Amino acid sequence: MIGLAIASELSAAYPELSMVLLEKNDNYGQETSSRSSEVIHAGIYYPETSLKGRLCRQGNRMLYEYCELNQINYRRCGKVIIAVDENEIHQLERVFVQGQTNGVVLEWLTPTQVQKRVPGVKAAAGVWSPDTGIIDSHGLMYAYCRRAREQGVSLLLKAPVVSIRKLEQDYLVKLPGESIKSRIVINAAGLYSDQVAAMPALDVDECGYRLYYCRGEYYRLRPRRYFEHLVYPLPEQAGLGIHLTFDLNGGQRLGPDFCYVDRIDYQMDDKAQEEFYQSARRYLPWLEIDDLTPDYCGIRPKLQAPGEAFRDFIIKEESDRGYGGFINLIGMESPGLTSSLAVGRYVTELVKQSFIRENQVDG
Ligand SMILES: Cc1cc2nc3c(=O)[nH]c(=O)nc-3n(C[C@H](O)[C@H](O)[C@H](O)COP(=O)(O)OP(=O)(O)OC[C@H]3O[C@@H](n4cnc5c(N)ncnc54)[C@H](O)[C@@H]3O)c2cc1C
């Protein structure tokens, strides 16, 4: 998603440059980008001036416009964040204040108002976010890819980058059987981005780029009730809480949970069914355990170690470390989908600055 968005934005700004997008798998969008909640976030939870906060809010606006222009399926369905009982109201108030500080449109809901918006949900209070939505993430990636290719970007599939070496002015990017020389290298390798950052000899630990894998599972929900809006409990340490979402076809699901893991494995089993049931039954009291069946999982590329506080996206051009023209994107977890177009613009600006710096050095 992020690599495609950058290719699409960058090739629009620099049609004269020759660009190639390298993907190790036999197609794009087979890792984190096809394993998300497909939610267009409004930007409620993140610190106001953080990259996550700024790019999410900007990306939200850009994405709705882009969907209209490019006939990508989406629904601005809105979401309700709930305090399940009185004990949670204080934390919900903090979410409300943070969202308002961020300039996000929000409305406080009484229990009766929550019932009206999302019948069947137990809550002591709620917050309504009208600018949250859902999107066809595959349609979005397809649109980015089509635009990038129309603007001259080549997409190389089954092209795993195995090493990157800094030459005098360029980088030598090695794939099995061939090499590519490039002035600019953009690392948007998702879960592997710390490994790719290390390739030209950056010390990942010193830079604070080491990633932790945080798995999130989803369970399909038997659609016994119709929901017009998404329902979120309060956020947790490493995720937004096991929430109720639906896709554009009406399929309902619960998730994702969070669990730090040490390897990338997308296999699903039903071990978490009880945990999901207990967690969601707090606010969906009519839920039965048989309503849940294992669906899919995604893995978050987290900079935040277990128990650590908030960590922002890292999007950085590495001139100050002696790697001019090398741009790293690390920790691109949620709200990466929502932010994707804004990230594309941001990286385009970094490339522009890099060219300006290079011209100044060249005299
Ligand atoms: C459970 C979950 C739920 C989420 N829900 C939401 C949501 O509702 N809304 C939202 O805004 N965001 C959400 N996100 C975040 C969002 O999905 C990600 O931010 C986004 O998809 C990241 O895209 P990416 O392109 O960086 O990563 P990826 O999709 O992983 O793409 C990276 C690509 O790089 C390729 N690659 C890696 N190494 C190499 C190499 N050496 N050579 C060549 N290619 C390589 C990979 O094969 C992959 O295709 C969620 C994430 C998770 C895990």
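Each remark here, short or long, concerns the structure printed above.
Residues numbered from 1 in each chain as written. Predicted model: local features only at pLDDT ≥ 70, side-chain atom pairs only at ≥ 80, totals over all residues. Heavy atoms only, no water.

Engineer: I tried to follow the nonpolar core on my own but got confused; where do I start?
Structural biologist: Considering soluble globular proteins, one finds that nonpolar side chains tend to be buried as a cluster. Membership of the largest hydrophobic core comes to 47 residues, with the highest contact counts inside it found for Ile 82, Phe 227, Leu 244, Leu 254, Tyr 283, Leu 284 and Leu 287. In this view, Leu 287 contacts Leu 221, Arg 224, Leu 254, Tyr 277, Ala 280, Arg 281 and Leu 292; residues no more than four positions away in its chain are not counted. Met 1, Ile 2, Tyr 66 and Ala 143 belong to the second-largest nonpolar core, a separate cluster that totals 43 residues. (Core = buried A, V, L, I, M, F, W, Y, C linked by side-chain atoms within 4.5 Å. Buried < 20%, exposed > 50% of the residue type's maximum accessible area, 1.4 Å probe, protein only. Contact = heavy atoms within 4.5 Å.)

Engineer: Looking at this structure, I do not really get the sheet that holds strand E3 (residues 74–75). What am I missing?
Structural biologist: Sheet strands pair by backbone hydrogen bonding; their relative direction is either parallel or antiparallel. Reading across from one edge, E2-E7-E3 is the order of the three strands in this open sheet, with antiparallel pairing throughout. Looking at which strands have only one partner, the edges of the open sheet turn out to be strand E2 (39–40) and E3. Of the pairings in the sheet, the one linking E3 to strand E7 (residues 133–135) comprises two bridges and is antiparallel in character. Bridging from a neighbouring strand, Tyr 74 pairs with Ile 135 of E7. (Pairing = 2+ DSSP bridges. Helix = DSSP H or I, 4+ residues; strand = E, 2+ residues; numbered from the N terminus.)

Engineer: Hey, could you run me through the pattern of salt bridges in this one?
Structural biologist: Considering all chains together, one arrives at 25 salt bridges under this definition. The closest approach of N and O atoms between Glu 9 and Arg 345, which form a salt bridge, is 2.7 Å. Residue Glu 9 is found in helix H1 (residues 2–13), and its partner Arg 345 is found in helix H9 (residues 336–361); the two are separated by 336 residues along the sequence. Overall, Glu 9 belongs to the buried group, its relative accessible area being 7%. Between Arg 253 and Glu 38 there is a salt bridge, and its shortest N-O distance comes to 4.0 Å. (Salt bridge = Lys/Arg side-chain N within 4 Å of Asp/Glu carboxyl O.)

Engineer: Help me understand helix H2 (residues 51–69) in this model?
Structural biologist: The α-helix advances 3.6 residues per turn, and as a result positions three or four apart in sequence lie on the same side. With 19 residues, H2 extends 26 Å between its outermost C-alpha atoms, agreeing within 8% with the 27 Å of an ideal straight helix rising 1.5 Å per residue. Positive backbone phi, approximately 50°, marks Gln 71, located one or two places after H2. (Expected span 1.5 Å × (residues − 1).)

Engineer: Mind showing me how you'd approach the site of the ligand here?
Structural biologist: The full set close to the ligand counts 35 residues, and Glu 23, Ser 33, Val 39, Met 332 and Thr 338 are the nearest of them. At a separation of 3.0 Å, an oxygen atom of the ligand approaches a polar backbone atom of Ile 2. Between the ligand and the protein, one listed contact pairs an oxygen atom with a side-chain N or O atom of Asn 25 at 3.3 Å. Here the ligand loses 95% of its free accessible area of 1000 Å² to cover by the protein chains. Of all the secondary-structure elements, those providing two or more residues to the shell around the ligand are strand E18 (292–302) and H9. A per-class count over the shell around the ligand returns 17 nonpolar, 11 polar and seven charged. Domain assignment of the residues forming the shell around the ligand places at least three in each of domain 1 (2–68 + 136–210 + 321–361) and domain 2 (79–130 + 212–302). (Near = heavy atom within 4 Å. Polar contact = N/O pair within 3.5 Å; in protein donor to acceptor, adjacent residues only side chain to side chain. Areas by Shrake-Rupley, 256 points an atom, 1.4 Å probe, with all protein chains shown as cover. Nonpolar A, V, L, I, M, F, W, Y, C, P; charged D, E, K, R; others polar. Domains from an automatic or database assignment.)

Engineer: I keep staring at the packing of aromatic side chains and nothing clicks. Help me out?
Structural biologist: What describes a pair of aromatic rings is the distance from one ring centre to the other and the angle between the planes of the rings. One pass over the structure, following the stated rule, counts 10 aromatic pairs. Taking the centre distance of 5.7 Å and the plane angle of 35° together, the rings of Tyr 171 and Phe 326 count as tilted. Taken together, the residues span a long stretch of sequence, with Tyr 171 in strand E10 (residues 171–175) and Phe 326 in strand E20 (residues 323–330) at a distance of 155 residues. The residues Tyr 171 and Phe 326 share a single accessibility class, namely buried. A cation sits over an aromatic face here: Arg 35 above Tyr 266, 3.9 Å from the ring centre. The ring of Tyr 232 carries the charged tip of Lys 79 above its face, separated from the ring centre by 3.7 Å. (Phe/Tyr/Trp six-rings, centres within 6.5 Å; stacked < 30°, edge-to-face > 60°. Lys NZ or Arg CZ within 6 Å of the ring centre and 35° of its normal.)

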